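Summary of the model geometry
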Amino acid sequence: MLRIESARTEPLCPGQAFHLLSDTPAGFLFYTEGECLGALIHNICKVTDCLVEKNIAHNLFVTRGRPPGSSLHSGTSRPGIRVIIWPRLSCFGAKEETAFNVALCELAGHLPFKNRQDFDTITEAEVTEIVQKYLLPEKEFSMLQSQLMHLLHE
């Protein structure tokens, strides 16, 4: 089970099942247990269309998961679907990180290391520092968050 499947969130637009990931790389989460799929898909498309229109690179990850607000220690049940969208900085060409490259899997918490030495020696702080280099700066992310909340309330 990946941490992202039960990561804490903060509601942004509860009526739209739209949440902020609060203890993982900065991103947005939609959640469903199968209800109102058409509306959920429409809202996901509104967000991704907005990101494309603004020329903001992003990754989208779909996984089973726990409902937002559920306890991290509430067993292994994952009754719903979590759709995570990570806005990020554009990155062209080969990435130069030695331990791992930051892309979709790494944002979700799966870290395929390139060699055993990096796996054995890297710290959580170093992983966080590498991942942060590819995410939007905090101010830009905050502005985007406000814009997306407004968009989903339209």
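Parameters at a glance
Residues numbered from 1 in each chain as written. Predicted model: local features only at pLDDT ≥ 70, side-chain atom pairs only at ≥ 80, totals over all residues. Heavy atoms only, no water. Helix = DSSP H or I, 4+ residues; strand = E, 2+ residues; numbered from the N terminus. Buried < 20%, exposed > 50% of the residue type's maximum accessible area, 1.4 Å probe, protein only. Contact = heavy atoms within 4.5 Å. Areas by Shrake-Rupley, 256 points an atom, 1.4 Å probe, with all protein chains shown as cover. Pairing = 2+ DSSP bridges. Axes fitted to C-alpha atoms, helices over the stretch in contact; angles between N-to-C directions. Phe/Tyr/Trp six-rings, centres within 6.5 Å; stacked < 30°, edge-to-face > 60°. Salt bridge = Lys/Arg side-chain N within 4 Å of Asp/Glu carboxyl O. Parallel < 35°, antiparallel > 145°, perpendicular 65-115°, else oblique. Left-handed = near helix turned anticlockwise from the far one by under 90°. Nonpolar A, V, L, I, M, F, W, Y, C, P; charged D, E, K, R; others polar.

An unreviewed UniProt entry annotates the protein as GDP-D-glucose phosphorylase 1 originating from Acipenser ruthenus.

Along its length, the protein carries five helices and five strands. Moving toward the C terminus, one meets the helices and strands of the protein in the order β-β-β-α-β-β-α-α-α-α. Projected onto the principal axes, the alpha-carbon positions of the protein cover approximately 50 × 40 × 25 Å. Here the protein holds 154 residues, and the buried ones make up 41% of them. Expressed as a percentage of contacts within the protein between residues at least 6 apart in sequence, the contacts between residues at least 24 apart total 58%. Carbon and sulfur atoms make up 54% of the accessible area of the protein, which amounts to about 8,700 Å² in all.

With that out of the way, let us pick up unusual backbone geometry. For Cys36, which is not a glycine, the phi torsion comes out positive at approximately 50 degrees. Following the sequence through the fold, Cys36 ends up in the loop between strand S3 (28-32) and helix H1 (37-53). Judged by relative accessible area, which is 58%, Cys36 ranks as exposed. Within the chain, Asn55 stands out as a residue other than glycine whose phi angle is a positive 60 degrees. What makes Asn55 exposed here is its relative accessible area of 66%.

We now examine the pairing of strand S1 (residues 9-13). Two elements, S1 and strand S2 (residues 18-21), share four bridges in a ladder whose sense is antiparallel. By the bridge assignment, Cys13 is partnered in S2 with Phe18.

Below, the discussion takes up the sheet that holds strand S4 (residues 57-65). Ordered in space as S1-S2-S3-S5-S4, the five strands form an open sheet in which the pairing is antiparallel. The open sheet terminates on both sides in strands that have one partner only, identified here as S1 and S4. On average, adjacent strands in this sheet sit at an angle of 30 degrees to one another, irrespective of strand direction. One ladder, built from five bridges, connects S3 with strand S5 (residues 80-88); its direction is antiparallel.

Scanning the model with the defined rule gives five aromatic pairs in all. With a centroid separation of 5.3 Å and an interplanar angle of 25 degrees, the aromatic rings of Phe18 and Phe28 are classed as stacked. Here Phe18, found in strand S2, pairs with Phe28, found in strand S3; they are 10 residues apart in sequence, far enough to count as distant. Note on accessibility: Phe18 and Phe28 belong to one class, buried.

The next subject is the pattern of salt bridges. This structure, assessed with the given rule, holds one salt bridge. With its nearest N and O atoms 3.1 Å apart, the salt bridge here joins Asp120 to Arg116. Pair noted here: Asp120 and Arg116 are both in helix H3 (residues 116-121), with a separation of four residues, about one helical turn. Its relative accessible area of 59% is what places Arg116 among the exposed residues.

As a further point, take the packing of H1 against helix H5 (residues 138-153). Packing of H1 against H5 leaves a shortest axis separation of 10 Å and a crossing angle of 135 degrees. Put simply, H1 runs oblique to H5. The hand of the H1/H5 crossing is right-handed. Where H1 approaches H5, its residues Asn43, Lys46, Val47, Cys50 and Leu51 are matched on the opposing element by Leu144, Leu148, Leu151 and Leu152. Considered class by class, the residues forming the contact of H1 with H5 number seven nonpolar, one polar and one charged.

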